[in-house]
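Per-entry structural report
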Amino acid sequence: MIDRMTWPLAMHDMTLGESRDARTAVSVMGEEEFRAFYERTARPLWAYLSRITGDRQKADDYLQEAYYRFYRAGRQYESESHRRNSLFQIATNLVRDAARRSRRYEEVPLQTDDSAAGPTLHSPAPNPERQVAMRNDVTRALKQLDPAQRELLWLAYAQGVSHQEISEILGVRAISVRTLLLRARRKLAAILERGQ
């Protein structure tokens, strides 16, 4: 398995045409600039992909492919947030395309370890058993949400992404994000109240 933190150095199996495309991209975004961008964004992107796919190995694969496509695009960006949003949009589209190809969506369980930053429960828990029970309840509830609702909730509350950025990443109208988040939160709360 390729270490996702050193992946930019492992682009050795490109074809000649692809390497020419990559050299063109370098002229737009230099190698050092790309490495610095990768260092700043790889962990949050991997955590996002891990949560929405529920599979760490798939997250590794999508992460590599997202950076490869981002690098090959060789686009100019208005700002760091525009560049980051473009990367997250590429990654989101990769996951969606894979889901369309398989004609089904997989469940997205929350991981029970702390290796990837995930949503935290802000209410005080008197003991560790209560925290585990709460995490299990949220995990079960999230499994019952639509994949798009999980993506929205993750971006808004785990990543702290603005509504405008969510709009760009997920390809929905900015004016709709607030309503979609409200519906996702209500559905999650209803599932949690039912205790399913």
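Data block above holds the structure.
Residues numbered from 1 in each chain as written. Predicted model: local features only at pLDDT ≥ 70, side-chain atom pairs only at ≥ 80, totals over all residues. Heavy atoms only, no water.

Quick word on the side chain of S86
Relative to the assigned elements, S86 resides in helix α4 (residues 80-102). Residues in contact with S86, not counting those within four places in the same chain, are F70, R75 and Y77. (Helix = DSSP H or I, 4+ residues; strand = E, 2+ residues; numbered from the N terminus. Contact = heavy atoms within 4.5 Å.)

Digging into the pattern of salt bridges
In total, this model carries 7 salt bridges according to the counting rule given. Across the pair E80 and R40 runs a salt bridge whose closest N-O atoms are separated by 3.1 Å. One end of the pair, E80, is in helix α4; the other, R40, is in helix α2 (residues 31-53), with 40 residues separating them in the sequence. The class for R40 is partly exposed, based on a relative accessible area of 45%. We note a salt bridge from E65 to R69, for which the minimum N-O separation is 2.7 Å. Of this pair, E65 and R69 both sit in helix α3 (residues 56-73), 4 residues apart, which is roughly one turn of the helix. The exposure class assigned to E65 is partly exposed, which follows from its relative accessible area of 29%. A single salt-bridge network, built from bridges that share partners, covers E33, R40, E80 and R83. (Salt bridge = Lys/Arg side-chain N within 4 Å of Asp/Glu carboxyl O. Buried < 20%, exposed > 50% of the residue type's maximum accessible area, 1.4 Å probe, protein only.)

Describing the nonpolar core
In this structure, L45, Y48, L49, Y67, F70, L155 and I166 are the most contacted members of the largest nonpolar core, which totals 44 residues. Where this core is concerned, the elements lending two or more residues are α2, α3, α4, α5 (128-143), α6 (147-158), α7 (163-170) and α8 (174-194). No other element matches the 10 residues that α2 contributes to this core. (Core = buried A, V, L, I, M, F, W, Y, C linked by side-chain atoms within 4.5 Å.)

Quick word on the side chain of R84
The topology assignment puts R84 in helix α4. Among buried Asp, Glu, Lys and Arg side chains, R84 stands out as unpaired, with E165 the closest opposite charge at 5.0 Å. Apart from the residues lying within four places of it in its own chain, the contact partners of R84 are F37, T41, P44, Q159 and V161. (Lys, Arg positive; Asp, Glu negative; His and termini not counted.)

Points about α5
Helix length check: α5 (16 residues) gives 23 Å between terminal C-alpha atoms against 22 Å at 1.5 Å per residue, within 8%. Listing the buried residues of α5 in full gives M134, V138, T139, A141 and L142. Looking straight down α5, one finds its buried side chains confined to an arc of 165 degrees; they lie on one side. Packed against the buried residues of α5 are α6 and α8. (Expected span 1.5 Å × (residues − 1). Arc of directions from axis to C-beta.)

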